[in-house]
Amino acid sequence: MYTHEYSDKKFDSYEACRDDLMENIDEEDIARHLDLTVPEIIRAFLRNRNNVDFSVWFQEKIDEAIHYVEEELIFEHDEEDDE
């Protein structure tokens, strides 16, 4: 069983728990894990004048941050704990 920080619901699968978590997190949860400063983001944008390159780079950074949010906020419970 899985739960996450923003809900008391119990989910049978990690995927279902993650989907519910994604509906509840906000930009602050993600920003905490970006590990980038505003100047670093601007520098990356200026270096990658091709918007596709910057978009791909930034999407990868956001995806990494979301992964860390999931690891931090999703908890697995043994079914024995539920009894």
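Located above this text is the structure these notes cover.
Residues numbered from 1 in each chain as written. Predicted model: local features only at pLDDT ≥ 70, side-chain atom pairs only at ≥ 80, totals over all residues. Heavy atoms only, no water.

A. Expanded view of the packing of aromatic side chains. Evaluated as defined, the whole model comprises five aromatic pairs. Seen in terms of ring centroids, Y2 and Y14 are 5.7 Å apart; in terms of plane orientation they differ by 85°. Their pairing is edge-to-face. Highlighted residues: Y2 in strand β1 (residues 2–4) and Y14 in helix α1 (residues 14–24), separated in sequence by twelve residues. With a relative accessible area of 17%, Y2 lands in the buried category. Residues F45 and F54 carry aromatic rings whose centres are separated by 5.2 Å and whose planes lie at 90° to one another, so their mutual orientation is edge-to-face. (Phe/Tyr/Trp six-rings, centres within 6.5 Å; stacked < 30°, edge-to-face > 60°. Helix = DSSP H or I, 4+ residues; strand = E, 2+ residues; numbered from the N terminus. Buried < 20%, exposed > 50% of the residue type's maximum accessible area, 1.4 Å probe, protein only.)

B. How the structure looks around the side chain of S7. In this structure, S7 sits in strand β2 (residues 7–11). Engagement of the side chain of S7 in a polar contact is seen with the backbone nitrogen of K9, the distance being 3.0 Å. (Polar contact = N/O pair within 3.5 Å; in protein donor to acceptor, adjacent residues only side chain to side chain.)

C. Structural detail: helix α4 (residues 51–73). Taking 1.5 Å of rise per residue, 23 residues should cover 33 Å, and α4 covers 32 Å from first to last C-alpha, within 8% of that figure. In the core, the buried residues of α4 are packed alongside β1, α1, α2 (27–34), α3 (38–47) and β3 (74–76). (Expected span 1.5 Å × (residues − 1). Contact = heavy atoms within 4.5 Å.)

D. Structural detail: the pairing of β2. Sheet analysis places β1 next to β2, joined by two bridges and oriented antiparallel. Along β2, the bridge assignment pairs Y2 with F11. Taking the residues that link successive antiparallel strands as the turn, the β1-β2 hairpin has two residues. (Pairing = 2+ DSSP bridges.)

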